[in-house]
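Each chain, written out:
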Amino acid sequence: MKASAIKRNGDKSNTNMAALNLTNKYIKAAQGLEPQIRAYQDEMENKRRMPLPLVQSMKDAGMFSLSMPKEWGGPEIDPISQIKIVELLSAIDGSVGWATMLGLHAGYFIPYLDQSVARNMYTDLSAFTGGVTKPTGEAVIVNGGYRVSGRWTFGSCCQNSTWLFSGCLVVEDGEPRIGVDGNPEILLCYLPGNAVEVIETWTSTGLRGTGSHDYAITDHYVPAERAFNPIHTLSRRSEPLYSMRNMHLANLSGIPLGIARSSIDAVIELTEHKSTRTGSQLREEAHVHTAVAQAEALLGSARGFVFDTMEDIWNALLHSKSISNRQYALYRLSICKAYDNSVEAVDLMYKTGSGSSLYTSHPLDRYFRDIHAAAQHFVVSTKIIEAAGRVLIGLKPGVTTF
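Since we're looking at a predicted model, the values are computed, not measured. (Residues numbered from 1 in each chain as written. Predicted model: local features only at pLDDT ≥ 70, side-chain atom pairs only at ≥ 80, totals over all residues. Heavy atoms only, no water.)

Participant: Would you take a moment to explain the packing of aromatic side chains for this structure?
Facilitator: Working definition: an aromatic ring pair is given by the centre-to-centre distance plus the angle between the planes. Scanning the entire structure with this criterion turns up 10 aromatic pairs. Ring centres of tyrosine 328 and tyrosine 331 lie 5.9 Å apart, and the angle between their planes is 45 degrees; this geometry places the pair in the tilted category. Of the two residues, tyrosine 328 and tyrosine 331 are both situated in helix H10 (residues 325–352); the distance of three residues between them amounts to about one turn of the helix. For the pair shown, tyrosine 328 and tyrosine 331 are each scored as buried. With a centroid separation of 5.5 Å and an interplanar angle of 90 degrees, the aromatic rings of tyrosine 328 and phenylalanine 402 are classed as edge-to-face. Highlighted residues: tyrosine 328 in helix H10 and phenylalanine 402 in the segment after helix H12 (382–392), separated in sequence by 74 residues. The exposure classification of tyrosine 328 matches that of phenylalanine 402, with both residues buried. Members of the aromatic cluster, connected to one another through ring pairs, are Phe109, Tyr112, Phe165 and Phe228. (Phe/Tyr/Trp six-rings, centres within 6.5 Å; stacked < 30°, edge-to-face > 60°. Helix = DSSP H or I, 4+ residues; strand = E, 2+ residues; numbered from the N terminus. Buried < 20%, exposed > 50% of the residue type's maximum accessible area, 1.4 Å probe, protein only.)

Next comes the structure, spelled out in structure tokens:
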């Protein structure tokens, strides 16, 4: 083998080792948050938001900057590692996992803005960014930008957000402007978190700590450079992490995988001391053995689908290859199945926990509530599974935002 080839292989090995070390650094940082997260769980449930000290600790640990570019001083860690970190935090608390997933949108959305503008917006790479992509606002065209008004539902962590990307229909001369594709034109407009009115509507069963209240604003000026079309705007960055549309959705899969993992572990722990009404030990019951085995299989198959699909896509992106329609359809499908399988696994564990599951003092209660709340998201709905199936047989997805 030529010396030049040895050098190239060595460089690659060193690069891989550096990436692994960086990932391990953030995994350890996430693990280090566990005592504080658990200490705040009751407060999150009762006050229906993320406590500010916990948000700050997560910022300090780098949990919201994982997707920020290295050129700016960010980690820019690979999507597989990001999913694992979201999974880890979700296993501790679903609301914390959800907040992490959402906060990581920032790094994935900045490539669609002018880079000098985006860098000025994110002098703090850990600045929390929330928002709602559903276009329930209006962006009226004015000189240099838009006058934005609207109200958005499910504004997770809006009380903690520096920026809120907010879906709007573009309005021109009093009418929605029609885009080149024949559909009403949509923008994501960045609103300063301190400029919106938070309307406390989040009286939910699950994911209480996400503080997913409504928020509203009236006639707020947004410069054109702080808005982008989420469907048609092309990425301004060339790095692999920013070269596939909707890569930000990958982290959604970590949430159900983490919750399902903890629910299985909770039942196994419960069997160590719980007796049945007939006096036998729960760990000796055949239905418990079957339920745990089925739950492990559901979780393992979903997790394997997610990571196998993501690994295939990431390898293609690293080699500057285009992602095929099939790869993309499987990507979206794998996220959906992470939720479907995890819901089924958690339901099995909730049932297996019997009366213990009914008490808010037992973690199975929260896992049950959180997984069902998370699974209500449109991104993991049957409509998206249908769209993936259409693409897999060669049709158009039939969903504009697929």
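Participant: Help me understand the nonpolar core in this model?
Facilitator: Nonpolar side chains in soluble globular proteins generally cluster together in the buried interior. Core analysis: the largest hydrophobic core is formed by 105 residues, its most contacted members being Met63, Leu89 and Tyr122. Considering every element that reaches this core, the biggest residue donor is helix H9 (residues 286–318), with 13 residues. Ignoring anything within four residues of it in the chain, the contact list for tyrosine 122 reads Met68, Trp72, Ala106, Ile110, Ala127, Thr129, Trp163 and Tyr190. Of all hydrophobic cores here, the second largest spans 17 residues; its members include Trp152, Leu187, Val196 and Ile217. (Core = buried A, V, L, I, M, F, W, Y, C linked by side-chain atoms within 4.5 Å. Contact = heavy atoms within 4.5 Å.)

Participant: Honestly, helix H2 (residues 34–47) in this entry has me stumped. Any pointers?
Facilitator: Along an α-helix, residues three or four positions apart point the same way, because every turn accommodates 3.6 residues. Between the first and last C-alpha of H2 there are 19 Å, a value that for 14 residues agrees with the 20 Å anticipated at 1.5 Å per step. Those residues of H2 that fall on the buried side of the exposure criterion are Ile37, Tyr40, Gln41, Met44 and Glu45. Close packing links the buried residues of H2 with helix H3 (52–60), helix H4 (79–92), helix H5 (94–103) and helix H11 (363–374). Positive backbone phi, approximately 60 degrees, marks arginine 48, located one or two places after H2. (Expected span 1.5 Å × (residues − 1).)

Participant: What am I meant to see in the pairing of strand E1 (residues 129–142) here?
Facilitator: It is a general feature of regular strands that their side chains alternate between the two faces of the sheet. Pairing of E1 with strand E3 (residues 163–172), which is carried by eight bridges, proceeds in the parallel orientation. Within E3, the residue paired with threonine 129 across the bridge is tryptophan 163. One ladder, built from six bridges, connects E1 with strand E2 (residues 145–155); its direction is antiparallel. Bridged to valine 142 within E2 is glycine 145. Between E1 and E2, which follow one another and run antiparallel, lie two residues, and glycine 144 among them has a positive phi close to 85 degrees. (Pairing = 2+ DSSP bridges.)

Participant: Looking at this structure, how should I read the pairing of E2?
Facilitator: The pairing of E2 with strand E7 (residues 213–223) spans eight bridges and is antiparallel. Its bridge partner lying in E7, valine 148 is registered against histidine 220.

Participant: How should I be thinking about the environment of asparagine 160 in this particular structure?
Facilitator: Looking at the element boundaries, asparagine 160 is found in the loop between E2 and E3. Residue asparagine 160 is classed as buried on the basis of its relative accessible area of 11%. Taking C-alpha positions, asparagine 160 is 9.0 Å from glycine 211, a pair spaced 51 residues apart along the chain. Residues in contact with asparagine 160, not counting those within four places in the same chain, are Arg49, Met50, Leu52, Val55 and Phe128. Of note is the side chain of asparagine 160, whose polar atom sits 3.5 Å from the backbone oxygen of methionine 50. (Polar contact = N/O pair within 3.5 Å; in protein donor to acceptor, adjacent residues only side chain to side chain.)

Participant: Quick question: what am I supposed to make of the environment of methionine 121 here?
Facilitator: Structurally, methionine 121 is set in helix H7 (residues 115–121). Accessibility expressed as a relative area gives 7% for methionine 121, which makes it buried. The spatial distance from the C-alpha of methionine 121 to the C-alpha of isoleucine 110 is 9.4 Å, given a sequence separation of 11 residues. Not counting residues within four places of it along the chain, the set of residues in contact with methionine 121 comprises Leu113, Trp163, Tyr190 and Arg226.

Participant: Honestly, the packing of H4 against H9 in this entry has me stumped. Any pointers?
Facilitator: Between two packed helices, the angle of one axis relative to the other and the distance separating the axes together describe the packing. Taken N-terminus to C-terminus, the directions of H4 and H9 make an angle of 155 degrees; their axes are 9 Å apart at the nearest point. Considered as vectors, H4 and H9 are oriented roughly antiparallel to each other. On the side of H4, the interface is formed by Pro79, Ile80, Ile83, Lys84 and Glu87, while H9 contributes Arg303, Val306, Phe307, Met310, Glu311 and Trp314. A per-class count over the contact of H4 with H9 returns seven nonpolar, no polar and four charged. (Axes fitted to C-alpha atoms, helices over the stretch in contact; angles between N-to-C directions. Parallel < 35°, antiparallel > 145°, perpendicular 65-115°, else oblique. Nonpolar A, V, L, I, M, F, W, Y, C, P; charged D, E, K, R; others polar.)

Participant: Got a minute to help me understand unusual backbone geometry in this structure?
Facilitator: Trans is the common state for peptide bonds, and a negative phi is the common state for residues other than glycine. Positive phi, normally seen in glycine, also occurs at aspartate 173, with a value near 55 degrees. Residue placement: aspartate 173 occurs in the loop between E3 and strand E4 (175–176). Residue class for aspartate 173 comes out exposed when judged on its relative accessible area of 77%. Within the chain, asparagine 246 stands out as a residue other than glycine whose phi angle is a positive 65 degrees. Residue position: asparagine 246 is located in the loop between strand E8 (227–228) and helix H8 (254–271).

Participant: Would you mind going over a nonpolar patch on the surface with me for this structure?
Facilitator: A contiguous nonpolar surface patch, about 200 Å² in accessible area, is contributed by Val140, Val142 and Tyr221. Its place among the elements puts tyrosine 221 in strand E7. Look at tyrosine 221 and you get partly exposed, because its relative accessible area is 35%. (Patch = residues over 30% accessible without salt bridge, like charges linked within 9 Å, V, L, I, M, F, W, Y side chains within 5 Å. Areas by Shrake-Rupley, 256 points an atom, 1.4 Å probe, with all protein chains shown as cover. Salt bridge = Lys/Arg side-chain N within 4 Å of Asp/Glu carboxyl O.)

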